[in-house]
Amino acid sequence: MGSFSLRGMNPNPRQADLLKEVRRLESVSVEALAERFGVTLQTVRRDVTLLAEAGLLARFHGGVRVPSSTTENIAYRQRQLLNEGAKQRIARAVAQAVPNGCSLLINIGTTTEAIARELLRHQGLRVITNNLNVAAILSDNPDCEVIVAGGVVRSRDRGIIGEVTVEFISQFKADIGLIGISGIEADGSLRDFDYHEVKVSRAIIEHSRQVWLATDHSKFNRPAMVELARLSQLDRLFTDVAPPAPFPALLAEAGVRCDVAAA
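Draft legend 1. How the structure looks around the nonpolar core. Ile169, Ile179, Ile184, Leu190, Leu213, Leu228 and Leu234 are the most contacted members of the largest nonpolar core, which totals 28 residues. Listed by contribution, the elements that provide at least two residues to this core are α8 (163-169), β9 (174-179), α9 (195-206), β12 (208-214), β13 (226-230) and α10 (247-254). It is α9 that contributes the most residues to this core, five residues altogether. Excluding residues within four positions of it along the chain, leucine 234 makes contact with Ile179, Leu190, Val211, Leu213 and Val256.

Spelled out as structure tokens, the structure:
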């Protein structure tokens, strides 16, 4: 069979369900997947091979897990498809909490883009962003003023980064900073892969009166190289599944409100 490409084809329903199951469990044996989906080991191995070639899964002897590189994130087009339903639920929960007539700083990420789509009916918003996708989405809302940060545009995801971006963000003090991240580790650190992107997100945190993090369940215990912030710097966390231990205790200690989006 040919190599699997998200640009050329989408996962079939079984492969999409298999991917969701691996993301839920983080790692699982091939035998368990075959039993779960009622198919042969050969079929599961073929699906796993295709998904691994697409960079969506990582194989190990007898099983499969989510990719866990600390230095390189999953490609943007692949991230758009991962946990899409969860991101939509989180986005709706965030949008319901965002009041009309407020100012927002929004960073790079597929989850923040989902939030932007849910803000299209809000009134009187002022949004400052370093995400061209967020800017394009919210420009369709006639009652939303969109301010785009200056800097270098990253072609792979249309994020804007660099020292100029940090300086631009630093002019503002927004009511809410909406951020997405790549991983939350058990020491309470929020992490990402790109140092330049992290510097902009740090500026967003510093120049927001409240900081809201929107992230799906797959980001808990996911390693990434660069520390962006600590849980104690957040005011609210929006996710789709109750966080695993030790995060409930860490969130309580840090005084962070955790909102779990309803299925």
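Draft legend 2. Looking closely at the packing of aromatic side chains. Tallied over the entire structure, the rule returns three aromatic pairs. Taking 5.5 Å as the distance between ring centres and 55° as the angle between the ring planes, the aromatic pair formed by phenylalanine 168 and phenylalanine 172 counts as tilted. Accessibility expressed as a relative area gives 21% for phenylalanine 172, which makes it partly exposed. The side chain of arginine 36 reaches across the aromatic face of phenylalanine 37, ending 4.8 Å from its centre. Over the aromatic face of tryptophan 212 sits the side chain of arginine 236, whose NZ or CZ is 4.9 Å from the ring centroid.

Draft legend 3. The arrangement of the sheet that holds strand β5 (residues 125-129) in detail. Reading across from one edge, β6-β5-β4-β9-β12-β14-β15 is the order of the seven strands in this open sheet, with parallel pairing throughout. The open sheet has two free edges, formed respectively by β6 (144-148) and β15 (257-260), since each of these has just one partner strand. Strand-to-strand twist across the sheet, computed as the mean angle between neighbouring axes with direction ignored, equals 20°. Bridge count for strand β14 (residues 236-239) against β15 is four bridges, and the pairing is parallel.

Draft legend 4. Representation of the sheet that holds strand β10 (residues 183-184). Ordered by their spatial adjacency, three strands build an open sheet running β10-β11-β13, and the pairing between neighbours is antiparallel. Of all the strands in the sheet, just β10 and β13 have a single pairing partner and so form its edges. Contacts from α9 reach β11 (189-192) and β13, with the element oriented near 10° to β13.

Draft legend 5. Region of interest: unusual backbone geometry. Here the amide bond leading from alanine 245 into proline 246 is cis, since omega sits at 5°, within 30 degrees of zero. For proline 246, the position within the fold is in the loop between β14 and α10. At asparagine 221, a position not held by glycine, the phi torsion is positive, near 65°. Examined against the element boundaries, asparagine 221 turns out to sit in the loop between β12 and β13. Asparagine 221 sits in the partly exposed class, given a relative accessible area of 38%.

Draft legend 6. View of the packing of helix α5 (residues 84-97) against helix α6 (residues 110-118). Axis separation between α5 and α6 bottoms out at 8 Å; the angle between their running directions is 55°. By the angle class used here, α5 and α6 are oblique. Considering the relative orientation of α5 and α6, their crossing is right-handed. Facing Lys87, Ile90, Ala91, Arg92, Val94 and Ala95 of α5, the residues of α6 in contact are Thr110, Thr111, Ala114, Ile115 and Glu118.

The rules we used
- Residues numbered from 1 in each chain as written.
- Predicted model: local features only at pLDDT ≥ 70, side-chain atom pairs only at ≥ 80, totals over all residues.
- Heavy atoms only, no water.
- Core = buried A, V, L, I, M, F, W, Y, C linked by side-chain atoms within 4.5 Å.
- Buried < 20%, exposed > 50% of the residue type's maximum accessible area, 1.4 Å probe, protein only.
- Helix = DSSP H or I, 4+ residues; strand = E, 2+ residues; numbered from the N terminus.
- Contact = heavy atoms within 4.5 Å.
- Phe/Tyr/Trp six-rings, centres within 6.5 Å; stacked < 30°, edge-to-face > 60°.
- Lys NZ or Arg CZ within 6 Å of the ring centre and 35° of its normal.
- Pairing = 2+ DSSP bridges.
- Axes fitted to C-alpha atoms, helices over the stretch in contact; angles between N-to-C directions.
- Parallel < 35°, antiparallel > 145°, perpendicular 65-115°, else oblique.
- Left-handed = near helix turned anticlockwise from the far one by under 90°.

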